[in-house]
Amino acid sequence: MKILYGVQGTGNGHLSRARAMAEAFRQFPDLEVQWLFSGRPPEKFFAMEAFGDYWWREGLTFVHKEGKIDQIATTRQLNVSRLLKDIRTLPVQDFDLVISDFEPVTAWAAKKRKRPSLGLGHQYAFNFSIPTPAFGWTARAIMKLFAPVQTSLGMHWHHFGHPILPPIAQAHDADAPDNGGATDGEQQDHILVYLPFENHGPLLQQLAQLPQNFTVYGLPTDLPKADHITLKAPSVEGFRRDLASAGAVICNSGFELIAETLTLGKPILTRPLKGQFEQEANALALEELQLAKVVEHIDAVTIGRWLESNPTGVRIAWPDVAGAIVYWLANGRRNSPQDLADSLWKAAIPGRTTATRQQAEPTPSAREPDVMQEQGEIQEIKGNQST
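Keep in mind that what you see is a predicted model, and the values were worked out from it rather than measured. (Residues numbered from 1 in each chain as written. Predicted model: local features only at pLDDT ≥ 70, side-chain atom pairs only at ≥ 80, totals over all residues. Heavy atoms only, no water.)

**Quick word on the overall build of the chain**
Within the chain one finds 12 helices and 16 strands. Looking at the 387 residues of the chain, the share that counts as buried comes to 51%. For the chain, the share of sequence-separated contacts (at least 6 apart) that also reach a separation of at least 24 residues comes to 67%. Counting every atom, the chain has about 17,400 Å² of accessible surface; 49% of that belongs to carbon and sulfur. (Helix = DSSP H or I, 4+ residues; strand = E, 2+ residues; numbered from the N terminus. Buried < 20%, exposed > 50% of the residue type's maximum accessible area, 1.4 Å probe, protein only. Contact = heavy atoms within 4.5 Å. Areas by Shrake-Rupley, 256 points an atom, 1.4 Å probe, with all protein chains shown as cover.)

**Side note on the sheet that holds strand S14 (residues 293-294)**
Strand order in the open sheet formed by 6 strands is S11-S10-S9-S12-S13-S14, and the pairing between neighbours is parallel. The sheet terminates laterally at strand S11 (229-232) and S14, the two strands that pair on one side only. Both strand S9 (residues 191-194) and strand S10 (residues 214-217) contribute to a ladder of 4 bridges, which runs parallel. Following the sheet pairing, Ile 191 is matched in S10 by Phe 214. Across the sheet, helix H6 (residues 200-208) lies against S9, S10 and S11, angled at about 145° from S11, the strand it touches most. (Pairing = 2+ DSSP bridges. Axes fitted to C-alpha atoms, helices over the stretch in contact; angles between N-to-C directions.)

**Examining the packing of aromatic side chains**
Inspection of every chain in the model, using the stated rule, returns 17 aromatic pairs. Ring geometry for Phe 102 versus Phe 146: centroids 4.7 Å apart, planes at 20°, classification stacked. Here Phe 146 lies in the loop between helix H5 (137-145) and strand S8 (151-154) and Phe 102 lies in the loop between strand S6 (97-101) and helix H4 (104-113), a separation of 44 residues in the sequence. Since its relative accessible area comes to 7%, Phe 102 is described here as buried. Here Tyr 217 and Phe 239 contribute two aromatic rings whose centre-to-centre distance is 4.9 Å and whose plane-to-plane angle is 75°, an arrangement assigned as edge-to-face. Here Tyr 217 is found in strand S10, whereas its partner Phe 239 is found in helix H7 (residues 236-245), with 22 residues between them in sequence. (Phe/Tyr/Trp six-rings, centres within 6.5 Å; stacked < 30°, edge-to-face > 60°.)

**Topic: the nonpolar core**
Here is a general trend for soluble globular proteins: nonpolar side chains tend to be buried in one another's company. Met 21, Phe 25, Trp 35, Trp 157 and Ile 325 are the most contacted members of the largest nonpolar core, which has 88 residues in total. Judged by nonpolar contacts, the second largest core, of 21 residues, contains Leu 207, Ile 298, Ile 303 and Leu 307. (Core = buried A, V, L, I, M, F, W, Y, C linked by side-chain atoms within 4.5 Å.)

**Structural notes on the packing of helix H1 (residues 13-25) against helix H8 (residues 255-264)**
Geometrically, a packed helix pair is captured by the angle between its two axes and the distance between the axes. Direction vectors running N to C along H1 and H8 enclose 60°, while the axes themselves pass 7 Å from each other. Overall, the two elements H1 and H8 adopt an arrangement that is oblique. Contacts between H1 and H8 involve Gly 13, Ser 16 and Arg 17 from the first element and Phe 255, Glu 256 and Glu 260 from the second. Tallied by class, the residues present in the contact of H1 with H8 amount to 1 nonpolar, 2 polar and 3 charged. (Parallel < 35°, antiparallel > 145°, perpendicular 65-115°, else oblique. Nonpolar A, V, L, I, M, F, W, Y, C, P; charged D, E, K, R; others polar.)

**Brief notes about unusual backbone geometry**
The phi angle at Gln 290 is positive, at roughly 55°, despite the residue not being glycine. Note that Gln 290 resides in the loop between helix H9 (277-289) and S14. Since its relative accessible area comes to 22%, Gln 290 is described here as partly exposed.

**Description of H8**
Within H8, 10 of the 10 residues are buried, which leaves it mostly tucked inside the rest of the structure. Looking one or two residues past H8, Gly 265 carries a phi angle of roughly 70°, positive in sign.

**Some thoughts on the pattern of salt bridges**
A complete count under the given rule lists 8 salt bridges for this structure. With its nearest N and O atoms 3.5 Å apart, the salt bridge here joins Asp 86 to Arg 82. You can see Asp 86 and its partner Arg 82 sitting in helix H3 (residues 80-89), 4 residues apart, about one turn around the helix. According to the relative accessible area criterion, Arg 82 is partly exposed, its value standing at 32%. Between Glu 198 and Arg 271 there is a salt bridge; the shortest N-O distance is 2.9 Å. Of this pair, Glu 198 sits in the loop between S9 and H6 while Arg 271 sits in strand S13 (residues 268-271); the two residues are 73 residues apart in sequence, bridging distant segments of the chain. Pair check on accessibility: Glu 198 and Arg 271 agree, each one buried. When salt bridges with common partners are traced through the structure, they connect Arg 17, Asp 101 and Glu 256 into a single cluster. (Salt bridge = Lys/Arg side-chain N within 4 Å of Asp/Glu carboxyl O.)

Here it is in structure tokens:
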């Protein structure tokens, strides 16, 4: 089977999910995958070795400024004529299936040519009744029309009673051989910060007022900053190691990073990107499921009070969702999305761990997971008020 797989390049969550899928596809050589990426300039992609000779298109993306969507700048940078040309000329007829991880060029090309298409990613969970903000019709229309597909496999931190899959996210070991020789006593001595859409200067000024060590990704590494703040360039393996060894995580409300953080049981402080429908909805879900502390502002007072409360993290062992999806594809998609979702949620294991103190000290290991319900339905994945 020949598959054209389109990936939205805005942010790094889609890319992280795509890397896991690429690894799973390698177990099935009869599935021939051509990757296509859009949504950011080609020179801004990094660590793309897993995707071979991938294609690039300009696609569509949103412009962010100081922690919110800049609608005017987003409109100005749209190149509609280029988008329509890319859709019209994409050779989808050469493929048996088009997969879109919320990537508009592949999705619309398949729709126009009436080729079989499958949507795979978090955004397709919004086809169902899940926690969402009271946005106007415009935001909802964008979610539905951005990358339309015939069939979809949406993903979320909970199924909410619908055929929604768990996230594609696996825990990463902080004790990997290339971790610089860190020992257990040296781990959890820092707070990982990933807030690429915030105003850089004010963010670093706020972090400078706190005593904890902060490891910050997503900002230019040459910015002036306090000695206890480390700015790091994009790195897949470096980020995974720092995430695994962090005492807590401070981030926007993107889906994939929070899913990975939950595999490690780290406390999460998150602020949704203002005006971004998906992140606003994610924040509502996190509050409902009690998986993270959601705030409106990220500043020294907010961070300090949160750390002083000794927040706990929720640990969830997600199943091998990428492997299950690829196996499902290789076997002709005989089972329904509901059957696929049910089997995966039966394998998801929730638990709880204390993962931070005010100085991000080492902590006890996670407790054993709670007892699962007999009918195979996962227990409510919820934290408590100290999350």
